[in-house]
Amino acid sequence: MEEVKYPIGIQAFADIREDGYIYVDKTELVYKLANRGKFYILSRPRRFGKSLLVSTLEAYFRGRKDLFKGLAIDNLEKDWTEYPVRSNSFSM
């Protein structure tokens, strides 16, 4: 039986996907967020996944199709266009 790896304290989408941690697929919502509407404010309670969501969006806009293999967005996105991404971390 394969050991399940839980991503406790890991906030980088790429780390979770590349290192084989369990991931609850919310990429259909990421696709809708990126392709509908204009402006969004990401206000969520503390310790509620904002960093992971932003990291997932960053990977999506960088065109990292390899990270999304087997997830919902893999079937939704057809172009996988790469966009320039500027990322700031305020965690320190």
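Refer to the structure printed above.
Residues numbered from 1 in each chain as written. Predicted model: local features only at pLDDT ≥ 70, side-chain atom pairs only at ≥ 80, totals over all residues. Heavy atoms only, no water.

A. Seen up close, a nonpolar patch on the surface. On the surface, Val4, Tyr6, Ile8 and Ile22 cluster together to form a nonpolar patch covering roughly 450 Å² of accessible area. Assignment of secondary structure puts Val4 in the segment before helix 1 (13-18). On the basis of relative accessible area, Val4 is assigned to the partly exposed category, the value being 44%. (Patch = residues over 30% accessible without salt bridge, like charges linked within 9 Å, V, L, I, M, F, W, Y side chains within 5 Å. Areas by Shrake-Rupley, 256 points an atom, 1.4 Å probe, with all protein chains shown as cover. Salt bridge = Lys/Arg side-chain N within 4 Å of Asp/Glu carboxyl O. Helix = DSSP H or I, 4+ residues; strand = E, 2+ residues; numbered from the N terminus. Buried < 20%, exposed > 50% of the residue type's maximum accessible area, 1.4 Å probe, protein only.)

B. Seen up close, the packing of aromatic side chains. A complete count under the given rule lists 7 aromatic pairs for this structure. When the ring of Phe68 is compared with that of Trp80, the centres are 5.4 Å apart and the planes differ by 35 degrees; the resulting orientation is tilted. You can see Phe68 sitting in the loop between helix 3 (50-61) and helix 4 (72-76) and its partner Trp80 sitting in the segment after helix 4, a full 12 residues away along the chain. For the pair formed by Phe68 and Trp80, the shared burial category is buried. A cation over a ring is seen here: Lys5 above Tyr21, with NZ or CZ 4.7 Å from the ring centre. (Phe/Tyr/Trp six-rings, centres within 6.5 Å; stacked < 30°, edge-to-face > 60°. Lys NZ or Arg CZ within 6 Å of the ring centre and 35° of its normal.)

C. How the structure looks around the environment of Arg64. Note that Arg64 resides in the loop between helix 3 and helix 4. Sequence separation between Arg64 and Ile8 is 56 residues, and the spatial gap between their C-alpha atoms is 23 Å. The residues touching Arg64, leaving out its near neighbours within four places in the chain, are Glu18, Ala59 and Trp80. (Contact = heavy atoms within 4.5 Å.)

D. Representation of the nonpolar core in the model. Counting 13 residues, the largest nonpolar core has Phe13, Phe68 and Ile73 as its most contacted members. Residue assignment for this core shows that the elements contributing at least two residues are helix 1 and helix 3. Take this core: its biggest share by element is 4 residues, from helix 3. Beyond its immediate sequence surroundings of up to four residues, Phe68 is in contact with Phe13, Arg17, Thr27, Thr56, Ala59, Tyr60, Ile73, Asp74 and Trp80. (Core = buried A, V, L, I, M, F, W, Y, C linked by side-chain atoms within 4.5 Å.)

E. A look at unusual backbone geometry. Even without glycine at this site, Trp80 takes up a positive phi of about 50 degrees. Looking at Trp80, the relative accessible area reads 12%, which means it is buried.

F. Quick look at helix 3. Given a rise of 1.5 Å per residue, 12 residues ought to cover 16 Å, and the 16 Å separating the end C-alpha atoms of helix 3 matches this to within 8%. Among all positions of helix 3, only Leu53, Ser55, Thr56, Leu57, Ala59 and Tyr60 are buried. Tucked inside the fold, the buried residues of helix 3 contact helix 1, helix 2 (27-35) and helix 4. (Expected span 1.5 Å × (residues − 1).)

G. Inspection of the pattern of salt bridges at higher detail. A complete count under the given rule lists 4 salt bridges for this structure. The salt bridge partner of Glu58 is Arg62, with a shortest N-O separation of 3.0 Å. Take Glu58: its relative accessible area is 22%, and that puts it in the partly exposed class. Using a relative accessible area of 33% as the deciding quantity, one classes Arg62 as partly exposed. Linking Arg64 and Asp66 is a salt bridge whose minimum nitrogen-to-oxygen distance equals 3.1 Å. According to the relative accessible area criterion, Arg64 is partly exposed, its value standing at 29%. Connected through salt bridges with shared partners, the residues Glu18, Arg64 and Asp66 form a single ionic network.

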